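# Close look at the chain arrangement
In case you want the letters, here they are:
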Amino acid sequence: MANVKPLGDRILVQRLELDEEVRGGIIIPDTAKEKPLEAKVVAVGSGRLGEDGERIPVELSAGDRVLISKYGGTEVKRDGIEHLILREDDIFGVIEK
């Protein structure tokens, strides 16, 4: 997905599949699972334009782990890998290491 560069204040992320514990031998089908809220930033746009015409850069960089909206963004699938394109406002926070 390195050949996709988001525009403006958009950010390209890939959802992180979290390890799942099965309790009591119950297997949950993929269709019943919730979408992960954690994602890894793959690429960022150059930022949005302010009212004065100055470019305001995106506060994130590739490799950051973030919390995202459950149903926000636009899903994009290339080369069999699913990604999301979100606006900077759709990201709730950065997960610090």
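Residues numbered from 1 in each chain as written. Predicted model: local features only at pLDDT ≥ 70, side-chain atom pairs only at ≥ 80, totals over all residues. Heavy atoms only, no water.

Moving on: unusual backbone geometry. Positive phi is not limited to glycine here, since Asp79 has a value of about 55°. You can see Asp79 is positioned in the loop between β6 (74-78) and β7 (81-87). (Helix = DSSP H or I, 4+ residues; strand = E, 2+ residues; numbered from the N terminus.)

One open sheet holds the 6 strands; their spatial order is β6-β7-β1-β2-β5-β8, and the pairing between them is antiparallel. Only two strands of the sheet have a single partner each, and these edge strands are β6 and β8 (91-94). Taking the axes of each pair of neighbouring strands and ignoring which way they run, one obtains an average angle of 40° across the sheet. As judged from the 3 bridges shared by strand β2 (residues 38-44) and strand β5 (residues 65-68), these two strands associate in the antiparallel manner. Considered in β5, the bridge of Glu38 is made with Leu67. (Pairing = 2+ DSSP bridges. Axes fitted to C-alpha atoms, helices over the stretch in contact; angles between N-to-C directions.)

Here the focus is the side chain of Glu38. By the secondary structure assignment, Glu38 is in strand β2. Since its relative accessible area comes to 18%, Glu38 is described here as buried. (Buried < 20%, exposed > 50% of the residue type's maximum accessible area, 1.4 Å probe, protein only.)

A general feature of soluble globular proteins is that nonpolar side chains tend to end up buried together. The biggest cluster of nonpolar side chains holds 12 residues, and these are Ile11, Val13, Ala39, Val41, Val44, Val58, Leu60, Val66, Ile68, Leu84, Leu86 and Ile91. Looking at this core, the elements that each hand over two or more residues are β1 (10-15), β2, β5 and β7. Take this core: its biggest share by element is 3 residues, from β2. (Core = buried A, V, L, I, M, F, W, Y, C linked by side-chain atoms within 4.5 Å.)

So, on to the side chain of Ser69. Inspection of the secondary structure puts Ser69 in the loop between β5 and β6. A polar contact is formed between the side chain of Ser69 and the backbone nitrogen of Gly72, at a distance of 3.3 Å. Contacts of Ser69, omitting those with residues within four sequence positions, involve Arg15, Leu37, Asp90 and Phe92. (Polar contact = N/O pair within 3.5 Å; in protein donor to acceptor, adjacent residues only side chain to side chain. Contact = heavy atoms within 4.5 Å.)

We now examine the confidence of the model for the protein chain. Overall, the prediction assigns the protein chain a mean pLDDT of 83, with 78% of residues at 70 or greater. For the protein chain, per-element mean pLDDT is lowest for β6, which scores 89, and highest for β5, which scores 94. (pLDDT = per-residue confidence, 0-100.)

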